[in-house]
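Residues per chain, in single letters:
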Amino acid sequence: ENVVTPSTVIAELILENPNTAEGQTNEPLVIPLRACVWGTILEINQGLTPKVIMEDPLLDGYLAVILPSGRFPPNEVVSASSPHESGNDSKRHRSDKAE
């Protein structure tokens, strides 16, 4: 099932750490990229590369196509410390009433 919540991690950006002091291990910096919406993933961009992101970020540099299914902005606040979501709470938004 491709259901996502605002806190679902759909990819991770891994950066080399250029600020590592001599003698220390060069641990990469891992940045989780979250869906930020309730919805269903329709497509993952299989052709995404660093070159595409740099040269055409607005057209071909997309990460995924997500069909929204909940309210925007979501009630849920996403923070850097949020755990990876498995989508188990994907039905929570259905109790929200349309305004």
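Bear in mind the structure is a predicted one, so any value in this text is a computation, not a measurement.

Rules used throughout
- Residues numbered from 1 in each chain as written.
- Predicted model: local features only at pLDDT ≥ 70, side-chain atom pairs only at ≥ 80, totals over all residues.
- Heavy atoms only, no water.
- Helix = DSSP H or I, 4+ residues; strand = E, 2+ residues; numbered from the N terminus.
- Buried < 20%, exposed > 50% of the residue type's maximum accessible area, 1.4 Å probe, protein only.
- Contact = heavy atoms within 4.5 Å.
- Areas by Shrake-Rupley, 256 points an atom, 1.4 Å probe, with all protein chains shown as cover.
- pLDDT = per-residue confidence, 0-100.
- Pairing = 2+ DSSP bridges.
- 1 Å grid on protein atoms, 1.4 Å probe; cavity = no way out; pocket = protein on both sides within 12 Å on 5 of 7 lines; lining within 4 Å.
- Points joined across faces, edges and corners; volume = space filled by probe spheres on them.
- Nonpolar A, V, L, I, M, F, W, Y, C, P; charged D, E, K, R; others polar.
- Patch = residues over 30% accessible without salt bridge, like charges linked within 9 Å, V, L, I, M, F, W, Y side chains within 5 Å.
- Salt bridge = Lys/Arg side-chain N within 4 Å of Asp/Glu carboxyl O.

Helix and strand counts for the chain come out as one helix and five strands. Put simply, the chain runs from its N terminus to its C terminus through helices and strands in the order β-β-β-β-α-β. In the chain, buried positions account for 21% of the 99 residues. In the chain, the proportion of contacts linking residues at least 24 apart, taken out of those at least 6 apart, comes to 66%. Working note: accessible area of the chain is about 7,600 Å², and carbon and sulfur atoms make up 55% of it.

For the chain, per-residue confidence averages 76 on the pLDDT scale, and residues scoring 70 or more make up 67% of the total. Below a pLDDT of 50 lies the segment residues 82–99, which in the model reaches 24 contacts outside its immediate sequence neighbourhood of four places, other chains included.

Across the sheet, which stays open at both edges, the three strands sit in the order E1-E4-E5 with antiparallel pairing between neighbours. Of all strands in the sheet, those with a lone pairing partner are strand E1 (3–4) and strand E5 (64–68), marking the two edges. The pairing of strand E4 (residues 39–44) with E5 spans five bridges and is classified as antiparallel. Paired with glycine 39 across the bridge in E5 is proline 68.

As a further point, take the layout of surface pockets. A volume near 300 Å³ is recorded for the largest pocket. Of all the secondary structure elements, the ones that give two or more residues to the lining of the largest pocket are strand E2 (9–15) and helix H1 (50–55). The biggest single contributor to the lining of the largest pocket is E2, with five residues. Counted by class, the lining of the largest pocket contains nine nonpolar, one polar and two charged residues.

Okay, a nonpolar patch on the surface next. A surface patch of nonpolar side chains, about 360 Å² in accessible area, is lined by Leu13, Leu15, Leu29, Ile31 and Leu33. At three residues, strand E3 (residues 29–34) tops the list of elements feeding residues into the nonpolar patch. Within the element layout of this structure, leucine 29 appears in strand E3.

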